[in-house]
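Listed here are the chains, written in short residue letters.
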Amino acid sequence: MFNELLHLFFPRLCPSCNSSLFQNERVICFRCKHQLPRTGYHLQPGNPLERVFWGRVPFRSAAACFIFRKEGGVQKLLHELKYRNAPDIGREIGRIYARELMETPCFQEADLIIPVPLHPEKLRIRGYNQSGVFGEGLQEILPARLSEDTLIRDINTGTQTRRSRFARWENVESIFTVPDPERIRDKRILLIDDVITTGATLESCAVKLITAGVKEISVACIAAPL
Ligand SMILES: [Zn+2]
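What comes next is a walk through the structure.

Conventions used here
- Residues numbered from 1 in each chain as written.
- Predicted model: local features only at pLDDT ≥ 70, side-chain atom pairs only at ≥ 80, totals over all residues.
- Heavy atoms only, no water.
- Core = buried A, V, L, I, M, F, W, Y, C linked by side-chain atoms within 4.5 Å.
- Buried < 20%, exposed > 50% of the residue type's maximum accessible area, 1.4 Å probe, protein only.
- Helix = DSSP H or I, 4+ residues; strand = E, 2+ residues; numbered from the N terminus.
- Domains from an automatic or database assignment.
- Contact = heavy atoms within 4.5 Å.
- Pairing = 2+ DSSP bridges.
- Patch = residues over 30% accessible without salt bridge, like charges linked within 9 Å, V, L, I, M, F, W, Y side chains within 5 Å.
- Areas by Shrake-Rupley, 256 points an atom, 1.4 Å probe, with all protein chains shown as cover.
- Salt bridge = Lys/Arg side-chain N within 4 Å of Asp/Glu carboxyl O.
- Expected span 1.5 Å × (residues − 1).
- Axes fitted to C-alpha atoms, helices over the stretch in contact; angles between N-to-C directions.

Here we look at the nonpolar core
Phase 1 of the analysis: Counting residues in hydrophobic clusters, the biggest one holds 66 residues, and the most contacted among them are L49, F66, I93, I184, L191 and L209.
Phase 2 of the analysis: It is strand β7 (residues 216–224) that provides the largest number of residues to this core, a total of seven residues.
Phase 3 of the analysis: Structurally, this core is a two-domain feature, drawing no fewer than three residues from each of domain 1 (1–35) and domain 2 (39–224).
Phase 4 of the analysis: Apart from the residues lying within four places of it in its own chain, the contact partners of I184 are L112, I114, T150, V178, I189, L209, A212, G213 and V214.

Some remarks on the pairing of strand β1 (residues 61–67)
Phase 1 of the analysis: Most of β1 is tucked away, with seven of its seven residues classed as buried.
Phase 2 of the analysis: Here β1 runs beside β7; their pairing, made up of six bridges, is parallel. Within β7, the position partnered with A64 by the bridge is C221.

Thoughts on a nonpolar patch on the surface
Phase 1 of the analysis: Taken together, L5, F9 and F10 make up a surface patch of nonpolar side chains, about 370 Å² in accessible area.
Phase 2 of the analysis: One can find L5 in helix α1 (residues 2–9).

Description of helix α5 (residues 87–101)
Phase 1 of the analysis: The terminal C-alpha atoms of α5 lie 21 Å apart, and with 15 residues this matches the ideal 21 Å at 1.5 Å per residue to within 8%.
Phase 2 of the analysis: With respect to burial, α5 is a largely interior element, twelve of its 15 residues being buried.
Phase 3 of the analysis: Those residues of α5 that are buried are in contact with α2 (30–35), β1, α4 (73–83), α6 (105–108), α8 (130–141) and β7.

Quick word on the pattern of salt bridges
Phase 1 of the analysis: Applying the stated criterion to the full structure yields 18 salt bridges.
Phase 2 of the analysis: A salt bridge links K33 to E92, with the nearest nitrogen and oxygen atoms 2.8 Å apart. Taken together, the residues span a long stretch of sequence, with K33 in helix α2 and E92 in helix α5 at a distance of 59 residues.
Phase 3 of the analysis: K33 gets classed as buried once you look at its relative accessible area, which sits at 17%.
Phase 4 of the analysis: On the accessibility criterion, E92 (3% relative accessible area) is buried.
Phase 5 of the analysis: Through salt bridges that share partners, R26, K33, E92, R95 and E140 make up one connected network.

Things to note about unusual backbone geometry
Phase 1 of the analysis: Phi is positive for E71, close to 70°, though the residue is something other than glycine.
Phase 2 of the analysis: Phi at D186 is positive, roughly 65°, even though this residue is not glycine.
Phase 3 of the analysis: Take D186: its relative accessible area is 55%, and that puts it in the exposed class.

Section: the sheet that holds β1
Phase 1 of the analysis: The sheet built from five strands is open, its strands ordered β1-β7-β6-β2-β3 with parallel pairing. With partners counted over all chains shown, the strands left at the sheet margins are β1 and β3 (145–146), one partner each.
Phase 2 of the analysis: Set on the sheet, α5 makes contact with β1 and β7; between it and β1 the angle comes to about 130°.
Phase 3 of the analysis: Taken strand by strand, α8 contacts β2 (112–115), β3, β6 (188–195) and β7, and its axis lies near 130° from that of β6.

Put into structure tokens, the structure is as follows:
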């Protein structure tokens, strides 16, 4: 009763379309859940996202939940997730996507879910890693366990905005470390991120994981502009 009254005065809104959520809707409205554009990549070997990494790193599979378009509902979701203190959005997308990923063996068989680590300074300001909360949602459905301290970001690297493209790549290459390689030796990894654009960050994460001796890596992200 109290909750119903509360929602009457402070309606919960869908972060994608801004309509009021019904009591039985969690975080994102039913309509958006069904209408936001999907990639279907987890069912499509050789999909455009996998091709981004061909000749760079050998991923078993790569998939994205949504198609990212500027000004679209997916961009709005991601913006709210990253800048409006809304970690629940990431968790809910994780749960939604995990139910679909369960259809595909490589995602079912993963041992560990590893998010791309956020810069410690950004983590301090935001309070959460948007890829980490996506992983929390995935972990609720998938058999794999989420690990946020297997792959870490070196605390001493600065911001990338003023560097040249090459210097930026060099920088990305050196910022990730695996403090305890034994922990992931021969493990199947599900590497996760929010939006994939050039793939440079995921590539350098993957190089560190491969060097540490993992068995294989698959990739799942919230959205890709492909
Ligand atoms: Zn909506």
